[in-house]
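In case you want the letters, here they are:
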Amino acid sequence: MSTTLFTRTDPTLGEFSLRPVDPAADAALLHSWVTHPKAVFWLMQGCDLDAVEKEFTRIAADPHHHAYLGLHNGTPAFLMEHYDPAHRELVGIHHAEPGDVGMHFLCAPTDTPVHGFTLAVLSTVMAALFANPAHRRVVVEPDARNTAVHTLNKAVGFEVLRTVSLPSKDAYLSTCTRDQFLATRGEHR
């Protein structure tokens, strides 16, 4: 069993926690998530199980990219990745500042959606990233067509800087500082 790296209790939905992805042990579960039709913006629709395991093995070996399995009340429920935008994803597109951290998240597909769940997941992801004092600003590059995530990003404090063209999509380059995130929660530093 992997070590839990972060835990947050949501007053309505309970405990959310993060642990490192184990590429071999988690591959089948992650494959079912990233190839699901609802995960179209994750860009792994056509991947087989072996390709998913290889991708997460690659991430595990990369010093600038990390993947975490998110659990809700002990059950796998979401995926979070963070990366150094000075070395991955946005090189040559975004001038990374000290303290910038890039992020992706994906909620597991479900037939029984829970109101507020995705916002609670994103709040957990943001709280986990800002728990590291070196992280001053979160940078994201969601697909410009992903209107649902744009609404969620705004709810936790992201501001769209501009539209950028990436190899696989046009994206809204967006950032959120620690203070912007805390302000959406009614908290201050």
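Cut-off values and rules
- Residues numbered from 1 in each chain as written.
- Predicted model: local features only at pLDDT ≥ 70, side-chain atom pairs only at ≥ 80, totals over all residues.
- Heavy atoms only, no water.
- Phe/Tyr/Trp six-rings, centres within 6.5 Å; stacked < 30°, edge-to-face > 60°.
- Helix = DSSP H or I, 4+ residues; strand = E, 2+ residues; numbered from the N terminus.
- Buried < 20%, exposed > 50% of the residue type's maximum accessible area, 1.4 Å probe, protein only.
- Pairing = 2+ DSSP bridges.

Student: Requested: an account of the packing of aromatic side chains, with residues and values cited.
Tutor: Note on aromatic pairs: each is described by the distance of the centres and the angle between the planes. What the rule picks out here adds up to three aromatic pairs. Ring plane angle 50 degrees and centroid distance 6.3 Å describe the contact between F16 and F78, whose orientation is recorded as tilted. Here F16 is found in strand β2 (residues 14-20), whereas its partner F78 is found in strand β4 (residues 75-83), with 62 residues between them in sequence. For F78, a relative accessible area of 0% translates into the label buried. Here the aromatic residues F16, F78 and F117 are joined through ring pairs into a cluster of three or more.

Student: Which residues make up the pairing of strand β1 (residues 6-10), and what are the values?
Tutor: Burial along β1 is one-sided: the face carrying F6, R8 and D10 is buried and the face carrying T7 and T9 is not. In this sheet, β2 lies alongside β1 in antiparallel orientation, the contact comprising five bridges. By the bridge assignment for β2, T9 is matched with E15. Count of turn residues in the β1/β2 antiparallel hairpin: three residues.

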